[in-house]
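Reading the structure
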Amino acid sequence: MFELLQERLFQLALIAALLVGLCAPAVGTFIVQRRLALLGDGVGHIALTGVALGFLTGSAPVLTAVFVSIAGAVAIELVRARGRTSGDVALALMFYGGIAGGVMLMAIAPGGSNAKLNSYLFGAIASVTVEDIWVVGALAAAVLAVVAIFGRELFVLCQDEEMARASGLPVRFLSMLIAVTAALTVVIAMRVVGLLLVSALMVIPVATSQQLTRGFRSTMGLAMVFGVLASVGGLLASTYSAKVPPGAAIVLLALAGFVLALGVGKFVRRGRTQESTVSERPKLRIEEVA
């Protein structure tokens, strides 16, 4: 393990895994609470078009993916908010258009190939460069800053949009903020788990944490812990075995954590129920005597 920490490539991959493990569940907590769990998938497909556009224009694929993802996330939110098309239909349209556009642009891009496309679809954490870390680090800082500054307002919005509007909160701005933050998170995670699996890392740790906690903050905090554990664990598994894809390993570890938390959560809830029943029995007896 200590030998791995001295290797440059592993250090870069570890930093990327930590950033993704922190950011994806933090944003995913708001997305899950608002019942938009598939938003990450929709934005991920749109980001594929951005990646291909980068190859076509000779620009940095990560940067073009940022702009295209933000534009797509804003479009999804506008369509959903106006109510002309239901949220799931809007996401489906982005699914199909995003992946079709990505494949088409990559096919006509100079030097474009399916191998390059697959590295973004399924992740290629071993090929993360110093430049990638700087970009991902800046995006991660922006995402965590949004969560820290607007966390309370976003929580109210996700709980009840009508209550948020009645409280005088800028609902449209906050909704756009969630969409844009989700887009940035997708771009952050695409080099680690891939665009097709990024939504899993945004949703599964949150679902796992919900089995064990009650409060919103505790759910987010524990989800971020689970996200880091899954990301680092998947990285280690792929490092020690070249046949293990890192993105798939990360998602499968997250799923294993959910299954474990599901069993532990049932046991904890059963214990709480028994404790509450026992605590109520003396009160019933006193009332009967009176």
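Structure's up top.
Now for a quick tour of the structure. (Residues numbered from 1 in each chain as written. Predicted model: local features only at pLDDT ≥ 70, side-chain atom pairs only at ≥ 80, totals over all residues. Heavy atoms only, no water.)

The largest bend in helix α7 (residues 130-159) is about 75°, located at F150. Taken together, the buried positions of α7 are D132, I133, V136, L139, A140, V143, V146, V147, G151, L154, L157 and C158. (Bend = angle between axes of the 7 residues up to and from the residue. Helix = DSSP H or I, 4+ residues; strand = E, 2+ residues; numbered from the N terminus. Buried < 20%, exposed > 50% of the residue type's maximum accessible area, 1.4 Å probe, protein only.)

Let us look at the packing of helix α2 (residues 8-33) against α7. The geometry of a pair of packed helices is captured by two quantities: the angle between their axes and the separation between those axes. The interhelical angle for the contact between α2 and α7, taken along N-to-C directions, is 20°, at an axis separation of 9 Å. One way to sum up the angle between α2 and α7 is to call them roughly parallel. Crossing of α2 over α7 shows left-handed handedness. (Axes fitted to C-alpha atoms, helices over the stretch in contact; angles between N-to-C directions. Parallel < 35°, antiparallel > 145°, perpendicular 65-115°, else oblique. Left-handed = near helix turned anticlockwise from the far one by under 90°.)

In the structure shown here, the tally under the stated rule is three cavities of 30 Å³ or more. Here the second largest cavity defines a volume of roughly 50 Å³. Around the second largest cavity sit V27, F30, V146, V147, L154, I178 and T181, which together line it. Only α2, α7 and α9 (171-189) provide two or more residues apiece to the lining of the second largest cavity. With three residues, the top contributor of residues to the lining of the second largest cavity is α7. Here the residues of the lining of the second largest cavity sort into six nonpolar, one polar and no charged. (1 Å grid on protein atoms, 1.4 Å probe; cavity = no way out; pocket = protein on both sides within 12 Å on 5 of 7 lines; lining within 4 Å. Points joined across faces, edges and corners; volume = space filled by probe spheres on them. Nonpolar A, V, L, I, M, F, W, Y, C, P; charged D, E, K, R; others polar.)

On the surface, a nonpolar cluster with roughly 200 Å² of combined accessible area is contributed by I99, V103 and L196. Inspection of the secondary structure assignment puts L196 in the loop between α9 and α10 (198-210). (Patch = residues over 30% accessible without salt bridge, like charges linked within 9 Å, V, L, I, M, F, W, Y side chains within 5 Å. Areas by Shrake-Rupley, 256 points an atom, 1.4 Å probe, with all protein chains shown as cover. Salt bridge = Lys/Arg side-chain N within 4 Å of Asp/Glu carboxyl O.)

Here the structure, examined in full by the defined rule, presents three aromatic pairs. Ring plane angle 50° and centroid distance 5.4 Å describe the contact between F30 and F216, whose orientation is recorded as tilted. A residue pair is termed long-range when its members are at least 10 positions apart, and F30 in helix α2 and F216 in helix α11 (residues 216-240) qualify at 186 residues. Summarising the burial analysis for this pair, F30 and F216 share the class buried. Plain terms: the ring middles of F155 and F216 are 4.6 Å apart, the flat faces sit at 55° to each other, and that makes the pair tilted. Taken together, the residues span a long stretch of sequence, with F155 in helix α7 and F216 in helix α11 at a distance of 61 residues. (Phe/Tyr/Trp six-rings, centres within 6.5 Å; stacked < 30°, edge-to-face > 60°.)

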